[in-house]
Amino acid sequence: MQTRDVDYRCEQANLRGYLAWNDSAEPQPGILVFHEGLGLGDFAMERARRLAGLGYVALAADMFGERRQARNLQEVTTLVGGLRAEPEKLRARGRAALETLAALPQVDARRLGAIGFCFGGSVVLELARAGADLRAVVSFHGVLATKMPAVSGKVRASVLVLTGADDPLAPPDQVADFENEMRAAAVRDWQVISYGNTLHGFTNPASDGSMLRSALYNAQADRRSWASMQSLFDEVLT
């Protein structure tokens, strides 16, 4: 397996992603990985390497610029809130990562997907809503609410939402609103899987409730959600 940093730009922001891939004679499907509210760090990079082990070219994107890391919940709120308040800016940064991935010689640009965790889960949903050229997007414990709902006929991607039934950041009313949004937009292929007795942040072993009390790792939900992602990608990308 090979890995390297990838520098790219979006307007005035200098972004530094992390690429993982295995050498192959033929271009492989590409997957974007969008980080949690803390910024691009070890967790998203490990998931990129895991995807590379499955035969994908994975680019862990940098949404904050300069690979900035939040040190506390206040910084998370500032960094994430600033982008969520400007969905066009958020979408533009996501598209910059997508264009960077699609242009790589290792990547088959006809077969692209995206996954995201927490804040990153909302990023992949915003890309799907914007009609990005993605075959599939997968949101792990992402925020489902949006300022710019999907419109009929625009979403190209298969959409998979993996959420904790007890996640206060994606409460039942927002899950229902999201499902109604998908119906109203006539999205061809969408799924919501809810894991019982599961809080926010269930995929990250570092989620121990110390920074956010409602964020707690759940090994069973982590394993099951990753398997669901693999099943979708096997269907639409390979």
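Scroll up to find the structure.
Residues numbered from 1 in each chain as written. Predicted model: local features only at pLDDT ≥ 70, side-chain atom pairs only at ≥ 80, totals over all residues. Heavy atoms only, no water.

What follows is about the packing of aromatic side chains. On inspection of all chains with the given rule, the structure shows six aromatic pairs. With centroids separated by 5.8 Å and ring planes inclined at 70°, the aromatic side chains of Tyr56 and Phe233 adopt a geometry described as edge-to-face. With a gap of 177 residues between them, Tyr56 in the loop between α1 (42-53) and β4 (57-60) and Phe233 in helix α6 (residues 219-236) connect regions that are remote in the sequence. In this structure, Tyr56 and Phe233 share a single accessibility class: buried. The rings of Phe43, Phe117, Phe140 and Trp226 are connected pair by pair, giving a single aromatic cluster. Of note, Arg47 hangs over the ring of Trp226, and the distance from its end group to the ring centre comes to 4.9 Å. (Phe/Tyr/Trp six-rings, centres within 6.5 Å; stacked < 30°, edge-to-face > 60°. Helix = DSSP H or I, 4+ residues; strand = E, 2+ residues; numbered from the N terminus. Buried < 20%, exposed > 50% of the residue type's maximum accessible area, 1.4 Å probe, protein only. Lys NZ or Arg CZ within 6 Å of the ring centre and 35° of its normal.)

Attention now moves to the packing of α1 against α6. Relative to each other, α1 and α6 sit at 45°, their axes nearing to 13 Å. It follows from the interaxial angle that α1 and α6 lie oblique. Pair α1 / α6 crosses with right-handed handedness. Taking contact as the criterion, the partners of Arg47, Arg50 and Leu51 in α1 are, on α6, Asp222, Trp226, Met229 and Phe233. Split by residue class, the contact of α1 with α6 holds four nonpolar, no polar and three charged. (Axes fitted to C-alpha atoms, helices over the stretch in contact; angles between N-to-C directions. Parallel < 35°, antiparallel > 145°, perpendicular 65-115°, else oblique. Left-handed = near helix turned anticlockwise from the far one by under 90°. Contact = heavy atoms within 4.5 Å. Nonpolar A, V, L, I, M, F, W, Y, C, P; charged D, E, K, R; others polar.)

What the rule picks out here adds up to one cavity of 30 Å³ or more. By volume, the largest cavity is sized at about 30 Å³. If you trace the largest cavity, you find it lined by Leu125, Ala128, Arg129, Val155, Val159, Phe178 and Met182. Examining the composition of the lining of the largest cavity, we find that three residues originate from one element, helix α4 (residues 119-129), more than from any other. Residues that form the lining of the largest cavity fall into these classes: six nonpolar, no polar and one charged. (1 Å grid on protein atoms, 1.4 Å probe; cavity = no way out; pocket = protein on both sides within 12 Å on 5 of 7 lines; lining within 4 Å. Points joined across faces, edges and corners; volume = space filled by probe spheres on them.)

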